[in-house]
Each structure stands twice: as C-alpha cells, then as structure tokens.
Amino acid sequence: MAEDADAFVFFGATGDLAAKQIFPALQILVANGELDVPVIGVADAPWSLEEFTAHARRAIEEHATLDEAAFATLSGLLRYVSGDYADTETFTTLRTELGAAERPVHYLAIPPSLFEVVASGLAASGCTDGARIVVEKPFGRDAGSAAELNALLHRYFSEDRIYRIDHYLGKDPVQNIIYTRFANPIFEPIWNRSYIRAIQITMAEEFGVEARGSFYDSVGTIRDVVQNHLLAVVANLCMEPPAGPDSDAIRDARAMLLKAVRPLTPADVVRGQYEGYRDTPGVAAGSTTETFAAIRLAIDTWRWSGVPIFIRSGKHLPETATEIMVQFHRPPADVFREIVPPTSSHLRIRVSPDISIGLGMRMKQPGDRMVGDEVELRLSEQPGSVLPPYARLLGDALRGATELFTREDLVDAQWRIIEPILGDVTPIYRYRPGSWGPDETIGMIGAFGPWNDPRTTAP
Ligand code: BG6
C-alpha cells in the first residue's frame, strides 16, 4: 500500500481549473480531515501569499460554498511560489518550500505543452524523488502524441507514480455502475448478448462552447468527452468481473474490455456542429470541429458480440443529463399482440444531474384485457453526487490510490478505438441549437432506435 503524500503542489495555481475545481476540492478534503500537509501553488503571477490566499477565497466563494472553518485551516497550509516555469530558480524555491517533504504530489493543472519544462525542472531540483505526478486530460491528441507524452513522463516518473485524471471516473454514480453489477449476483447471468439487445449512452449538454472557443475548436466532442469519459463509462458497464478489489485488478478488467472494442470506422460516426458555433470567439471561421457526435461501438467478445453500443454526446442539446439505457431483448414470441416500445424492458442508469437506477418492465393493466403499461421500478434515487469528483480524485492521489486514474495501456486502448475517426474523415452536419443533433443520427440507430431522451425519464 502506498504511503500518504506529505505535500501537495499544483502548477497553474492561478488558472481556471484551480479556481473552479482544485480550491473547492481542497476545502472539502480539509473539512473531511483528509488534508493536513503543505499545499503549494505555483504560477507566474507575482503575488504574495496573502494575495494568493485571497484569490483562493474568492474562487471558492464563486464556484462553491465557503466553509469558514475549513478555509481557515486550508489557509494555514497554503504556500505560493511565483515564477516562470522555464526558470530553474522557480524549482529551487519550490524545493525550499517543500522542506523535509519526501513524498510530494505534483499536480500539473497546465497545458500539456508545458509538461516537459515543468517535469524537467522538477527533476533537476530534486523535487521528483519519491513524488507522484497528476496530469489532466486531454492526454495527447491521438495515439502518437499520447505515446510521446507517456515517454516524456516516464523519463522522470515510473508508471505507478503517474496519475492521469479522467474526472468521470471520480463520479460516484460511475463507480456505482461497477458496484451495482458486482455486488448483486442477479445481474451477471443476464449481462450479455443473450439478454441485452443494445446499449445507449447519452451525455447531453444544454449549453454551448461559450468562453472555451479556442480550446474546444482544437479538440471537438470526440476528443473532449468520447475518448475518455464515455469510454470509461463503457468499460465500467461492460467489463468482466475484476479478479479482486485491488486497483490493478479493476484497471486490468477495464483494459481487457477496451482492448476488445473494435476500432471505429467512418461508417460508425455522425458528427455535427451547432449553428452559430463558428461565431464563438476563438473558433476558426471555417471550422469543421464537431460539437456533437453519435457513435456505434462493437465489442468483439463472447459476452458482447452483436450488441451495439450507441453513444450520443453534444453541446446545445435540449437537456443537460447523462444517462445509460441498457435495453433487454423483446419477448421471442408476441403472445399478447401488443405494440411494445423497444425500450420496454430496460435498466436505466442516470449519472447526472440527479442519480438513479431504474428497471423498466411492462405490467398488466387491471381488467379482463391482456394489455399492459410501461412501468419503472426505481432501485435507487439521489439528488446528486455527495463528493465532487475532484475531491475524490485528489484525495486518492494524496493517499496513493490508483484505481480511478487512467493507466498507460488504457489510454492506448482508448486512442486505438477513436483514432480512425479523428479529423475530417466524416462530414460535419449542421444542427439547430436545442435539437438532438443532425437527422443523420436517426438512420444510424435504425431499428435499435429511438434514441433515449433523458427528459422523458427524469423524476
Ligand atoms: C469536461 C469537458 O471534461 O467534461 C467538458 O471538457 C464537459 O466539455 C465536461 O462539459 C462535463 O463534465 P461534467 O462533470 O460537468 O458532466
């Protein structure tokens, strides 16, 4: 078992990610008694510690809820190192701030183009000894660039000390997929091609790209959420039972599944772009970046052969919700001559904004006729996640728990699936903001349709 870290360092300490996610997460960790080591922010703003602390306070007030007592404790742990990442002096100062710390966690909340200079600066100043490194997505732009990034990090950190964040894995309901499947033996016998006809995963967002134009335009939906978040959901949903509870057993099961997913072809994808996207500041005039993608995946295993997995995600859709719909087969013979909707028999797992698991069935109406209604048995319902994903993941990184971080072979497997559809290998269709994307998606799902509309299942 890894030892607890004895310092937390984060680069990009004055940036957006720090303000929105890291400070609120640190406050929660302090409040939960999980963080009592020095917390050192590094950035180039020429601020004093007081200014940095005031910034942290404002960030929490703006993006979370300030907890005066926890913040007072957090302020006592905060340090600030101001300096250029290219200047060795910055890292010498950091080493001094680290004092006797022997097992720091370094979190790179900075663009990947800066990883090299920061990692080599850390190494040259003796800050990598005994250290762990946490890096943000996107991890590369394709298989080749991900391999280069891995090689770069491996120069300074062994694989077991590299923590690649995919915040979806830190979401409690995404963890709950594994728990529900493997804590309840009733699911295992039906969790295969004999009982499951198709699976749909919808990750819909009502908002657009807004202030993230230049980042988003270089990425697009497939790299932004499909390659990582949604393939992580597929892995949890479809993996074989892990050989045990240790973190590598679960990551091995995820990797085995992802390695069996067939690489996509252009025929498996419909890309869309919402009208007005090209007017967003930072977006190229004639951009062909997708803000919507619908994808059909196939898994070549005995368990899943012939079961299509449809994924649909995009910006400016009618609703913000993430939902999984596992559709069971219809009865093999039509005993009651009813017109039964294809979604009639299902397991619905809602991941956000609220969390629920529902089992869909048909129940006979009272009376002498053999006709039924759609009903759903709610197995579980919660208003939302108790622990925000970043608090969970940073706590895990501090404890040295690796299960929820993406291992190198998982990253490789994810890029292998996605790589053939990157770029302009498929047309880009326009769609109206507030619609469910281009009409071409209807033809894509065909007889397995209609697409699940998470609005119809909201509580
Ligand atoms: C991020 C993407 O990783 O995940 C965003 O870059 C997306 O585009 C976000 O909106 C969704 O995450 P969540 O937790 O808000 O559903």
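Residues numbered from 1 in each chain as written. Predicted model: local features only at pLDDT ≥ 70, side-chain atom pairs only at ≥ 80, totals over all residues. Heavy atoms only, no water.

A. Geometry of the side chain of Thr202. Its location among the elements puts Thr202 in strand β7 (residues 196-204). In this structure Thr202 comes out as buried when scored by relative accessible area, which is 1%. Ignoring sequence-local partners within four residues, the contact set of Thr202 consists of Arg312, Ala321, Thr322, Glu323, Trp436, Asn452 and Pro454. (Helix = DSSP H or I, 4+ residues; strand = E, 2+ residues; numbered from the N terminus. Buried < 20%, exposed > 50% of the residue type's maximum accessible area, 1.4 Å probe, protein only. Contact = heavy atoms within 4.5 Å.)

B. Here's a closer look at the domain arrangement of the protein chain. Domains assigned within the protein chain are domain 1 (7-136) and domain 2 (169-387 + 405-457). The straight-line distance from the C-alpha centre of domain 1 to that of domain 2 is 35 Å. (Domains from an automatic or database assignment.)

C. Structural view of the sheet that holds strand β4 (residues 104-108). A sheet is described by the order of its strands in space; here 6 strands give the open sequence β3-β2-β1-β4-β5-β6, paired in parallel fashion. The open sheet has two edge strands with one neighbour each: β3 (78-82) and β6 (162-164). Neighbouring strand axes in the sheet, compared pairwise and without regard to direction, differ in orientation by 20 degrees on average. Sitting on the sheet, helix α1 (residues 16-31) touches β1 (7-11), β2 (39-43) and β4, and the angle it makes with β1 is about 170 degrees. (Pairing = 2+ DSSP bridges. Axes fitted to C-alpha atoms, helices over the stretch in contact; angles between N-to-C directions.)

D. Here's a closer look at the sheet that holds strand β10 (residues 309-314). The strand order across the open sheet built from 9 strands is β14-β13-β12-β11-β7-β10-β9-β8-β15, with neighbouring strands paired in mixed fashion. Where the open sheet ends on each side, the last strands, each with one partner, are β14 (372-382) and β15 (428-431). This sheet shows a mean twist of 20 degrees between the axes of neighbouring strands, independent of strand direction. Across 6 bridges, the pairing between strand β9 (residues 292-297) and β10 is antiparallel. Its bridge partner being in β10, Ile295 is matched across the sheet by Ile311.

E. Spatial organisation of the site of the ligand. In the neighbourhood of the ligand, the contacting residues comprise Lys137, His167, Tyr168, Lys171, Met203, Glu205, Arg212, Asp224, His229 and Lys315. Within the side chain of His167, a nitrogen or oxygen atom sits 2.7 Å from an oxygen atom of the ligand. With respect to the ligand, the side chain of Asp224 contributes an N or O atom lying 2.6 Å from an oxygen atom. Here the ligand loses 75% of its free accessible area of 390 Å² to cover by the protein chains. Taken together, the residues of the shell around the ligand break down into 2 nonpolar, 2 polar and 6 charged. (Near = heavy atom within 4 Å. Polar contact = N/O pair within 3.5 Å; in protein donor to acceptor, adjacent residues only side chain to side chain. Areas by Shrake-Rupley, 256 points an atom, 1.4 Å probe, with all protein chains shown as cover. Nonpolar A, V, L, I, M, F, W, Y, C, P; charged D, E, K, R; others polar.)

F. Just the packing of aromatic side chains, in detail. All told, the structure shown has 16 aromatic pairs when counted by the stated rule. Considering the side-chain rings of Phe10 and Phe23, the 5.5 Å spacing of their centres and the 80 degrees angle between planes classify their relative orientation as edge-to-face. Pair noted here: Phe10 is in strand β1 and Phe23 is in helix α1, with a separation of 13 residues, a long-range link. Residues Phe10 and Phe23 agree in their burial class; the two are buried. Put simply, the rings of Phe8, Phe10, Phe23, Trp47, Phe52, Tyr80 and Tyr107 pair up and form one aromatic cluster. (Phe/Tyr/Trp six-rings, centres within 6.5 Å; stacked < 30°, edge-to-face > 60°.)

G. Helix α6 (residues 143-154), seen in detail. Given a rise of 1.5 Å per residue, 12 residues ought to cover 16 Å, and the 16 Å separating the end C-alpha atoms of α6 matches this to within 8%. Those residues of α6 lying buried are Ala146, Leu149, Asn150, Leu152 and Leu153. Angularly, the buried residues of α6 cover 160 degrees about the axis, an arc narrow enough to put them on a single face. Along its buried surface, α6 packs onto α5 (115-124), β5 (132-135), β6 and α12 (408-418). (Expected span 1.5 Å × (residues − 1). Arc of directions from axis to C-beta.)

H. Broad picture of the environment of Leu264. Here Leu264 lies in the loop between α10 (247-259) and β8 (269-274). Note on Leu264: relative accessible area 2%, which makes it buried. Remark: the alpha-carbon pair of Leu264 and Gly170, spanning 94 residues in sequence, is separated by 26 Å. Look past the residues within four positions of Leu264 in its chain and what remains in contact with it is Ile295, Arg296, Leu297, Ile417, Ile418, Pro420 and Ile421.

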